[in-house]
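Chains, contacts and geometry: an overview
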Amino acid sequence: MTTPSPMSTPYVVLLDLAGIIDKAGLMDRSARALELPEWFGRNWDALADSLADPSVWPSRTAGRALLVVVTGWRAYARRQPQEWTVAQDVFTEASEREPRLTVALALG
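Residues numbered from 1 in each chain as written. Predicted model: local features only at pLDDT ≥ 70, side-chain atom pairs only at ≥ 80, totals over all residues. Heavy atoms only, no water.

On to the pattern of salt bridges. If the charged atoms of two oppositely charged side chains come close together, the side chains can form a pair. Taken as a whole and assessed by the stated rule, the structure comprises five salt bridges. Glu-93 is the salt-bridge partner of Arg-97, the closest N and O atoms lying 3.0 Å from each other. Here Arg-97 pairs with Glu-93, and both are found in helix H4 (residues 81-97), just four residues apart, close to one helical turn. We classify Glu-93 as partly exposed; its relative accessible area is 37%. Residues Glu-98 and Arg-100 are paired through a salt bridge, measuring 3.1 Å at the closest nitrogen-oxygen approach. With a relative accessible area of 10%, Glu-98 lands in the buried category. If you follow the salt bridges from partner to partner, you end up with Asp-49, Glu-93 and Arg-97 in one network. (Salt bridge = Lys/Arg side-chain N within 4 Å of Asp/Glu carboxyl O. Helix = DSSP H or I, 4+ residues; strand = E, 2+ residues; numbered from the N terminus. Buried < 20%, exposed > 50% of the residue type's maximum accessible area, 1.4 Å probe, protein only.)

This is the structure in structure tokens:
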């Protein structure tokens, strides 16, 4: 049995949305979790662009894939269903643009 190299193992970022009640909170939490630069625009287009741009991913990704695991999202989805729909579209679009990106919604 071979051990996977660190380069083949995706870097995992936990995006915990517990307690988030609005888009501003989602953007702030995303910026922190993904270690986005100060100039991150905190809007849907900026989030999509940042997720799809490996040059702004956390430095520890260095040539690796990125797996973003979104947890604690259900309350936000219930409270802000239209925003949550847009967020899901952003996650999907970014994943389609950058094949090394996976965004997974934790169900537990």
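Moving on from the model shown.
Okay, helix H2 (residues 44-51) next. Each turn of an α-helix holds 3.6 residues, which means side chains three or four residues apart point in the same direction. Taken across its eight residues, H2 has six buried, putting it largely inside the fold. Taken together, the buried positions of H2 are Trp-44, Ala-46, Leu-47, Ala-48, Ser-50 and Leu-51. Of the surrounding elements, those touching the buried residues of H2 are helix H1 (23-33), strand E2 (66-71), helix H3 (74-79), H4 and strand E3 (101-105). (Contact = heavy atoms within 4.5 Å.)

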